[in-house]
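A structural walkthrough
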Amino acid sequence: MHITDLNRECLVHLFSFLDKESRKQFSETCRDLHQIFLDPALWTLLNFHSPSELKRDNFVLGSALRYLSVCWHSSRVKVCNIEDWVKTAFQKDICSKHESTVSDFLGKVRNKCPSLLSLTLSGCGHVTDHDVTLLLQSCPRLRILRLENCVRLTDCTLHALVRHGRSLQSVQVDFCRNVTQDGLRLVRERRPSLELTAERSGGMIPDSKPGEKLQLGRTLQKLLQYS
């Protein structure tokens, strides 16, 4: 008996035990298995650990996706977290290679995964308020949103949660330095039933604008964040 003699349900079940790369390699052995690889039912959960993984062809985005996580824990995240106007030419060159990667990927998620239930973004230093707002509008069933160390997110994201996150039940906004206490207070007032946690957010030093004079104490604290 050949493996392709199994029915489709059995093959999807077998594929579900494999990681993304193994599924891709297995699918390249014959046309029938490639069709199993493309089955949306196989791709209800996706976890990524670096922006480079988002560019690979070892996964499928589809209507069955329910749980998505993009978590990047790398020394390069510290470079991404530096304000653009402070970065050196070398640091800007590092960021230029991946700064739109997560945003572009979220654009595909918006178009292909309207039934997404849970999203985690961690260490995604180039994700913007606009990215999150559009995703909330396109994924109305989203219930869980976890945002950690996404430094470009501001109170605009919190306003979007109130306006568009009608199905949201739990939100984490941790270590997002440009989120303020006022923004968090707004969410708690407008959405009292929403479970909102914000570790360190609202108490960190926000970005400064070019030309703004920083007090010495604030400057020293800023430097310590990247030492």
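As shown above, the structure is provided for reference.
**Here's the deal with the side chain of Lys20**
Looking at the secondary structure, you find Lys20 in helix α2 (residues 20-27). Notably, Lys20 is buried but unbridged: the nearest opposite-charge side chain belongs to Glu53, and the N-O separation is 4.2 Å. Setting aside residues up to four positions removed in sequence, Lys20 forms contacts with Trp43, Leu46, Asn47, Phe48, Glu53, Asn58 and Phe59.

**Focus: the environment of Leu186**
Looking at the secondary structure, you find Leu186 in helix α9 (residues 181-190). C-alpha of Leu186 to C-alpha of Val162: the two residues are 24 residues apart in sequence and 8.4 Å apart in space.

**As for the pairing of strand β4 (residues 144-148)**
Side chains of β4 alternate between two faces, with Leu145 and Leu147 buried and Ile144, Arg146 and Glu148 left unburied. One ladder, built from five bridges, connects strand β3 (residues 118-122) with β4; its direction is parallel. Looking across to β4, one finds that Leu121 is bridged to Leu147. As for the winding sense of the linkage, the β-α-β connection from β3 through helix α7 (residues 129-138) to β4 is right-handed. Across five bridges, β4 lies against strand β5 (residues 170-174) in parallel orientation. Counterpart to Glu148 in the pairing with β5 is Asp174. Note on the crossover from β4 through helix α8 (residues 155-164) to β5: the handedness is right-handed.

Definitions and limits used
- Residues numbered from 1 in each chain as written.
- Predicted model: local features only at pLDDT ≥ 70, side-chain atom pairs only at ≥ 80, totals over all residues.
- Heavy atoms only, no water.
- Helix = DSSP H or I, 4+ residues; strand = E, 2+ residues; numbered from the N terminus.
- Buried < 20%, exposed > 50% of the residue type's maximum accessible area, 1.4 Å probe, protein only.
- Lys, Arg positive; Asp, Glu negative; His and termini not counted.
- Salt bridge = Lys/Arg side-chain N within 4 Å of Asp/Glu carboxyl O.
- Contact = heavy atoms within 4.5 Å.
- Pairing = 2+ DSSP bridges.
- Right-handed = clockwise from strand over helix to strand, strands pointing away.

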